[in-house]
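Here is how the chains run, residue by residue.
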Amino acid sequence: MRKKLIVANWKMHKTLAETEKFMQRFPNEIEEVSGIEIVICAPFISLGRLVDLMRGTPLNPGAQNMHWQKEGAYTGEISPLMLKEIGVKYVIIGHSERRKYFGENDVIINKKTTAALNNGLIPILCLGENLEERRSKKTEKVLKEQLYGALDEADPGEEKLQRIVLAYEPVWAIGTGTPAGGDEAADVAGYLRSLLNRKWGALSEKVRILYGGSVNEDNITQFTGKKDIDGALVGGSSLKESSFAGLIKAVFYEGRS
Ligand code: PEP
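What counts, and at which threshold
- Residues numbered from 1 in each chain as written.
- Predicted model: local features only at pLDDT ≥ 70, side-chain atom pairs only at ≥ 80, totals over all residues.
- Heavy atoms only, no water.
- Helix = DSSP H or I, 4+ residues; strand = E, 2+ residues; numbered from the N terminus.
- Expected span 1.5 Å × (residues − 1).
- Buried < 20%, exposed > 50% of the residue type's maximum accessible area, 1.4 Å probe, protein only.
- Contact = heavy atoms within 4.5 Å.
- Phe/Tyr/Trp six-rings, centres within 6.5 Å; stacked < 30°, edge-to-face > 60°.
- Lys NZ or Arg CZ within 6 Å of the ring centre and 35° of its normal.
- Polar contact = N/O pair within 3.5 Å; in protein donor to acceptor, adjacent residues only side chain to side chain.
- 1 Å grid on protein atoms, 1.4 Å probe; cavity = no way out; pocket = protein on both sides within 12 Å on 5 of 7 lines; lining within 4 Å.
- Points joined across faces, edges and corners; volume = space filled by probe spheres on them.
- Near = heavy atom within 4 Å.
- Areas by Shrake-Rupley, 256 points an atom, 1.4 Å probe, with all protein chains shown as cover.
- Sits in = over half its atoms within 2 Å of the grid points.
- Nonpolar A, V, L, I, M, F, W, Y, C, P; charged D, E, K, R; others polar.
- Disulfide = S-S within 2.5 Å.
- Salt bridge = Lys/Arg side-chain N within 4 Å of Asp/Glu carboxyl O.

Asker: Even after reading the chapter, I still don't get helix H9 (residues 182-200), so can you show me in this structure?
Answerer: Each α-helix winds once per 3.6 residues, and so residues spaced three or four apart point in a common direction. With 19 residues, H9 extends 26 Å from end C-alpha to end C-alpha; this agrees with the ideal 27 Å at 1.5 Å per step. For H9, the complete set of buried residues consists of Gly182, Ala185, Ala186, Val188, Ala189, Tyr191, Leu192, Arg193, Leu195 and Leu196. Each element contacted by the buried residues of H9 is listed here: strand E5 (122-127), helix H7 (139-151), strand E6 (165-168), strand E7 (208-212) and helix H10 (220-224). With its phi angle positive at about 60°, Gly201 sits one or two positions after the end of H9.

Written out as structure tokens, the structure reads:
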């Protein structure tokens, strides 16, 4: 049984003071929730403090990016070792905004995914087609290239492979207020699992697959209610304590009904 996972991606939002304010209230707002893994991926500069503030709560800290080398002459970069040292557990890899604005391609994403696994971090690997690719019915082709490209030669071994989290994030749904349909997202998640199955057989059943793209507390259960969708990657709706807590509680109560 795969444990549900809800991940906040704060992107370049929240100062340190705003992070502290969020953490004063948020744990209380989700007090009744259990059995769901919750991760907050904050800007690098707030991560150390976030790790401290999360102690004694069920929350887990995550980064939004990292370099693949342990150290070196890479001005402005943060290494997996640095993240691990301060207690970060998860790292988003290959978000479409990194692909679009910072030139990340499958080769770079492959190095980062492999480095995350080898350094004891859990990579949340983002995959998704853009609008043009969707219109020309290339979604499956694009996802296959992205997934196999990211995992190419990673040969992580069983124990590490099952730690990978995939996030299906159609680019046209991110930040637009127009999510994919629940059935559509479920079909793609099923397709991603079948791709994993072709490479790694039954182990594919252990990998968690998230949906991301304009998820909110009103639509979340359209996704988490599906067989192959194990949670969500949440941008805009994770920024306010009340909306993020509402979304998590919707998943929690759906699981109990
Ligand atoms: C994201 O950026 O990963 C995302 C899903 O954003 P939003 O929820 O705002 O669409």
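Asker: Please clarify how the packing of aromatic side chains should be interpreted in this entry.
Answerer: Any pair of aromatic rings gets described here by the distance separating the centres and the angle formed by the planes. Counting across every chain of the model gives 6 aromatic pairs. A ring pair is formed by Tyr211 and Phe223, whose centres lie 4.2 Å apart and whose planes are at 10°; its orientation type is stacked. Of this pair, Tyr211 sits in strand E7 while Phe223 sits in helix H10, placing them 12 residues apart in sequence. Residue class for Tyr211 comes out buried when judged on its relative accessible area of 1%. On the basis of relative accessibility, which here comes to 0%, the residue Phe223 falls in the buried class. Pairwise contacts between aromatic rings join Trp10, Phe22, Phe26 and Phe244 into one cluster. Above the face of the Phe102 ring, Arg98 is positioned so that its terminal group lies 4.2 Å from the ring centre. Between Arg134 and the ring centre of Trp172, over which it is positioned, the NZ or CZ distance is 3.9 Å.

Asker: Help me understand the side chain of Glu104 in this model?
Answerer: Positionally, Glu104 belongs in the loop between helix H4 (96-101) and helix H5 (106-118). According to the relative accessible area criterion, Glu104 is buried, its value standing at 8%. Of note is the side chain of Glu104, whose polar atom sits 2.8 Å from the side chain of Arg98. Of the polar contacts made by the side chain of Glu104, one reaches the side chain of Lys112; its length is 2.7 Å. Not counting residues up to four positions away in its chain, the partners in contact with Glu104 are Asn65, Gly94, Arg98, Arg99, Ile109 and Lys112.

Asker: Before we go on, may I ask you to explain the layout of surface pockets in this structure?
Answerer: A probe matching the size of a water molecule, rolled over the atoms, marks out where space remains unfilled. Volume-wise, the largest pocket comes out at about 410 Å³. In terms of lining residues, the largest pocket is bounded by 14 residues, among which Lys11, Met12, Gln64, Arg98 and Phe102 are the most central. A per-element tally of the lining of the largest pocket places H4 first, with 3 residues. Approximately 210 Å³ is the volume attributed to the second largest pocket.

Asker: Explanation requested: the side chain of Arg2 in the structure shown.
Answerer: As for its placement among the helices and strands, Arg2 is situated in the segment before strand E1 (4-9). Polar contacts involving the side chain of Arg2 include one to the main-chain carbonyl oxygen of Glu205, which spans 2.7 Å. Side-chain polar atoms of Arg2 contact the side chain of Asp230, separated by 2.8 Å. Sequence-distant contacts of Arg2, that is, excluding residues within four places in its chain, are made with Arg193, Glu205, Lys206, Val207, Arg208, Lys227, Asp228 and Asp230.

Asker: Please clarify how the site of the ligand should be interpreted in this entry.
Answerer: Close to the ligand lie 14 residues, the nearest being Lys11, Glu169, Gly175, Ser214 and Gly235. At 2.9 Å, a side-chain N or O of His95 approaches an oxygen atom of the ligand. One nitrogen or oxygen atom from the main chain of Gly235 is found 2.8 Å from an oxygen atom belonging to the ligand. For the ligand, whose free accessible area comes to 290 Å², the fraction covered by protein is 95%. If you map the ligand onto the pockets, it falls in the second largest pocket. Among the residues forming the shell around the ligand, the class breakdown is 4 nonpolar, 8 polar and 2 charged.

Asker: Sorry if this is basic, but what is going on with the state of the cysteines here?
Answerer: Per the counting criterion, the structure on display carries 0 disulfides. Cysteine Cys126 is unpaired, with the sulfur of Cys41 as its nearest cysteine sulfur at 9.0 Å.

Asker: Looking at this structure, I do not really get the pattern of salt bridges. What am I missing?
Answerer: Oppositely charged side chains may form a pair once their charged atoms are brought near each other. Under the criterion given, the structure shown has 16 salt bridges. Arg55 is the partner of Asp52 in a salt bridge, and the nearest nitrogen-oxygen pair spans 2.8 Å. According to the relative accessible area criterion, Asp52 is partly exposed, its value standing at 40%. Arg55 gets classed as exposed once you look at its relative accessible area, which sits at 58%.

The values are spatial; any link to function lies outside them.
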